[in-house]
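These are the residues of each chain, in order.
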Amino acid sequence: MKAANPYYTPLLDARYFQIVALAGILVYSQCCLSFGPNWTAVALAILAALAVQWIASKMVGLAHFEYRSALISGLGLCNLLRSDSAWIYALAAGIAIAGKFVFRVRGKHVFNPTNLAIVLLLLADSAWTSAGQWGASAIFVFALVCGGGLVTLRAMRADLTLSFLLAFAAIAFGRSFYLGDPLAVPLHRLQNGSLLIFAFFMISDPRSTPDRRAARIFFAALVAFVAAWIEFGLYRNNGVFWALALCSPLSPLLDRLAPASRHEWDGESMGGHLRRVLRLPGGEEKSARDVLNPM
Amino acid sequence: MAAAVALALAGLIYSPEIAAFCGFYVGRADARLFNRASRVVLARSGDRTVLTMASDFEGPLTEFALVTPVPVVLRRDQIHVGESAALDRIDAFTAPRLVEYFDGNPCETISYHDVVRSQNAEGVGGGNRVQPTAGQGVRIEARYTVGEYDILILSAEDSGGLLSWLSQNGYRLPPGAEPVLQSYIRQNLRFFVARVNLEEQSRTGYRYLRPIQIAFESPRFMLPVRLGTVNANGAQELFVYALSPRGRIESVNYRTARIPSDAQVPEYIKDEFANFYRDMFTRSAEREGLSAIFLEYAWDMGWCDPCAADPLSASELLQLGAFWAGTPGAASTFVTRMHIRYTGESFPSDIVFQETSDRGNFQGRYIMRHAYNGPAECAAGKEYRRSLPARHEQEAQSLAALTGWSIDSIRARMGQNGPPPERAWWQRVFQD
């Protein structure tokens, strides 16, 4: 069982950092960049995320309304997804949250909620992503890295972010080395806001990635490899989103092959008795903590 | 004779002469205001692309050559020589526009009409024959004469061989081109090489070079700009007119910014719209450190408001490569005009694009309001007169902010339509 984080206090939950960081990026894009969602779309996305979370929680009989995760999904979508209809943002938020309740294996999410919504809407050709929108401004990149680093370290999933970034950077630099390109080419490829948002706020999601560290590192490297293959081999855009969606079903498999204790957002503050695994009607296994606070 | 090789977009090769801006295009905001601008039409649907490349090459035609990487070996019928007129039409249709409003009698209502213009323009022409021989790891995949161009499709094993083959065959590439060629070779790209065939050129009767068009099917949706930045002195200017049945086309690896729009500018800009547009663009591009792509127009081709030129007909769109245009049930064509000023530092990689489903409209539009000068003795009329100086000052300020022109010279140019000269503080006291 994972040792409880001795510095944990409920106020410093990683999700608060995540909410602040994502909201900061959203405000930055609204103030300083073209092509962000309008504020109606932002409001609709967040309201839809909260509403679906609340309704689904009631439907499955949860006592606890987990607004933070819903808020993170809503903000993440506003940062990454683009549509000219505000309602698509609401739909995306609905899909993201509903996906958490529908696609579950042993109490864990199969897909990252935001990633699932993005991929489905891209498939439906109802929206697009705007990977180039952030520019390559060094200051912004720096702020993002620091903010994101803080978030993932709090959630104890920095290993995912780091191994993904290292693997992706290795492939980008390796490819440029093979092609004989100057360093500016792979650096430009890595100075991409969407890539960093993905690395720090999406793949680092502890609820849809393997529990064991070695499995996480393998998973992150695999996502990086598939993303690079999609972008550099198939010449398709949005490689990271497709790659994560394609690899996500492996996460439950990796958990089965290499079991470890489950990440619990604020389990550290709770008594050990909550970590007991309950066997639910239908044979599903859940930790007691998941039953109380599953999303 | 060796063709001088200075590359702009995609390896459009120019002679070193720089055509000075002659002030001929006053009042128009078209691409030809910019010296040595490359113009490209990208028609894209699914994996199919039609690329139209035009340069404003001016000089002896023997000096013209174009080298651009292409993802596939093109057949003879995948290459075509287009018409400059079609390119000029789409340039005029998408150009930033000055809209003129006339204030009505404030005691009655306000009316307006638009003033926007389009134009035709020309380049220049001459030529030279290529005598290619394969060797040095260079393979001539195909050789065609299309219109006034001799065209080769080359593949190569390494850049050194390609470079020496090109130089032996009269193409002078700039120093520094080799690593870029090597990168393209390793990416399994072929090279499309075009020069002017003087005999064919004189037969066409055109005085200028017509744009070259190629059609191919490939998931790669990019513009190779790296060759063009190798020896460029200063920034390159590129206009991309992208056509898609889906919606706006945007770059995935560079930031897109909107050109400032909907600003109210002083009336005298009517005679200086060209200067205004050039300086405003320069200021906007510099503000972004030459690292952004500017969106100047995004619109459904079916209509416009106001129209800088009539919307292009289905046959004109077909000429520009929009292969879906005019087919029954086809979606209307969405046009995106992008304006890029870039250097090798600010654009280290080739520009990769994507189609989006964004059909939101945007245009670079500047507003000129003529004040009402007739009699207006009602209370609203007096109020209107009192409001004019503040409005004129606002116009002067926004013009200065957009272009970087000095506010004093703007005020001076505005003359009596300008804001009144600032009074010293004591003049409020001793007013006689």
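Cut-off values and rules
Residues numbered from 1 in each chain as written. Chains lettered and ligands numbered in written order. Predicted model: local features only at pLDDT ≥ 70, side-chain atom pairs only at ≥ 80, totals over all residues. Heavy atoms only, no water. Helix = DSSP H or I, 4+ residues; strand = E, 2+ residues; numbered from the N terminus. Buried < 20%, exposed > 50% of the residue type's maximum accessible area, 1.4 Å probe, protein only. Pairing = 2+ DSSP bridges. Phe/Tyr/Trp six-rings, centres within 6.5 Å; stacked < 30°, edge-to-face > 60°. Lys NZ or Arg CZ within 6 Å of the ring centre and 35° of its normal. Axes fitted to C-alpha atoms, helices over the stretch in contact; angles between N-to-C directions. Parallel < 35°, antiparallel > 145°, perpendicular 65-115°, else oblique. Contact = heavy atoms within 4.5 Å. Nonpolar A, V, L, I, M, F, W, Y, C, P; charged D, E, K, R; others polar. Salt bridge = Lys/Arg side-chain N within 4 Å of Asp/Glu carboxyl O. Polar contact = N/O pair within 3.5 Å; in protein donor to acceptor, adjacent residues only side chain to side chain. Disulfide = S-S within 2.5 Å.

Undergrad: What is the right way to look at unusual backbone geometry in this model?
TA: Residues apart from glycine generally show negative phi values, whereas peptide bonds are mostly found in trans. Residues and elements named next belong to chain A. In this model, Tyr-235 sits at a positive phi of 60 degrees, which is unusual for a non-glycine residue. Within the fold, Tyr-235 resides in the loop between helix H10 (213-233) and helix H11 (239-247). Look at Asn-238: it is not a glycine, yet its phi comes out positive at around 60 degrees. By the element assignment, Asn-238 lies in the loop between H10 and H11. A residue is classified by how much of its surface remains accessible, and Asn-238, at 12% relative accessible area, is buried.

Undergrad: How should the sheet that holds strand S20 (residues 351-355) of chain B be read in this particular structure?
TA: Strand pairing in a sheet relies on backbone hydrogen bonds, with the paired strands running either antiparallel or parallel. Residue and element names in this part refer to chain B. Read from one edge to the other, the open sheet built from three strands follows the order S13-S20-S15, with strand pairing classed as antiparallel. Each end of this open sheet is capped by a strand with a single partner; those strands are strand S13 (222-223) and strand S15 (249-251). With three bridges joining them, S15 and S20 adopt antiparallel strand pairing. Pairing of Glu-250 across the sheet is with Gln-354, part of S20.

Undergrad: Can you help me understand the packing of aromatic side chains in this one?
TA: By convention here, two paired aromatic rings are described through the distance between centres and the angle between planes. The full count for this structure, using the stated rule, is 17 aromatic pairs over all chains. Relative to B:Tyr241, the ring of B:Phe239 has its centre 6.5 Å away and its plane inclined at 15 degrees; by these criteria the two rings are stacked. Accessibility assignment for this pair places B:Phe239 and B:Tyr241 in one class, buried. Summarising the aromatic geometry, the rings of B:Phe273 and B:Phe276 are spaced 5.7 Å apart at their centres and angled 20 degrees between planes, so their arrangement reads as stacked. Taken together, the residues B:Phe273 and B:Phe276, both in helix H6 (residues 273-287) and three residues apart, mark about one turn of the helix. B:Phe276 carries the same exposure label as B:Phe273, and that label is buried. Among the aromatic side chains, those forming a connected cluster through ring pairs are A:Phe164, A:Phe168, A:Phe198, A:Phe232 and A:Phe241. Note that B:Arg195 overlies the ring of B:Tyr171, its terminal NZ or CZ placed 4.3 Å from the centroid. We note B:Arg258 situated over the ring of B:Phe362; from NZ or CZ to the ring centre the distance is 5.3 Å.

Undergrad: Hey, could you run me through the packing of H6(B) against helix H8 (residues 379-403) of chain B in this one?
TA: Residue and element names in this part refer to chain B. Between H6 and H8, the shortest axis-to-axis distance is 7 Å and the interhelical angle comes to 60 degrees. With respect to their mutual orientation, H6 and H8 come out oblique. Of the residues in H8, those in contact with Phe-276, Asp-279, Met-280, Arg-283 and Arg-287 of H6 are Leu-399, Ala-400, Ala-401, Leu-402 and Thr-403. Of the residues assigned to the contact of H6 with H8, the class counts are six nonpolar, one polar and three charged.

Undergrad: Explain the interface of chain A and chain B to me, please; I cannot follow it from the model alone.
TA: Frequently, the measure chosen for interface size is the accessible area removed from exposure when the parts meet. Facing 31 residues of chain A, the contacting portion of chain B comprises 31 residues. The salt bridge partner of B:Arg246 is A:Asp125, with a shortest N-O separation of 2.4 Å. For the pair chain A and chain B, the interface holds 14 residue pairs in polar contact (both at pLDDT 80 or more). The set of elements that each furnish at least two residues to the side of chain A that touches chain B consists of strand S4 (128-129), helix H7 (158-179) and helix H8 (184-190) of chain A. Here the residues of the side of chain A that touches chain B sort into 14 nonpolar, 12 polar and five charged.

Undergrad: Would you mind going over the pattern of salt bridges with me for this structure?
TA: For side chains of opposite charge, pairing can occur when their charged atoms come near one another. Scanning all chains against the criterion turns up 37 salt bridges over all chains. One salt bridge connects A:Asp255 with A:Lys108, and the closest N-O pair in it is separated by 2.5 Å. Taken together, the positions of A:Asp255 in helix H12 (residues 250-257) and A:Lys108 in strand S3 (residues 108-109) put the pair 147 residues apart, joining distant regions of the chain. Comparing A:Asp255 with A:Lys108 shows no difference in burial state: the two are buried. Here B:Arg369 makes a salt bridge to B:Asp103, at a shortest N to O gap of 3.2 Å.

Undergrad: Teacher, can you tell me more about the state of the cysteines here?
TA: A disulfide bridge is the covalent bond that connects two cysteines by way of their sulfur atoms. As enumerated under the stated definition, the model contains one disulfide over all chains in all. Bridging B:Cys107 to B:Cys378, the disulfide has an S-S length of 2.0 Å. Its torsion about the S-S bond being -95 degrees, the disulfide of B:Cys107 and B:Cys378 is classed as left-handed. Within this pair, whereas B:Cys107 is found in the loop between strand S7 (97-102) and strand S8 (111-112), its partner B:Cys378 is found in the loop between strand S22 (365-370) and H8, the two being separated by 271 residues in sequence. Between A:Cys32, a free cysteine, and A:Cys31, which holds the nearest cysteine sulfur, the sulfur-to-sulfur gap is 5.2 Å. For A:Cys32, a relative accessible area of 46% puts it in the partly exposed group. Cysteine A:Cys78 shares no disulfide, and the gap to the nearest cysteine sulfur, in A:Cys31, comes to 14 Å.

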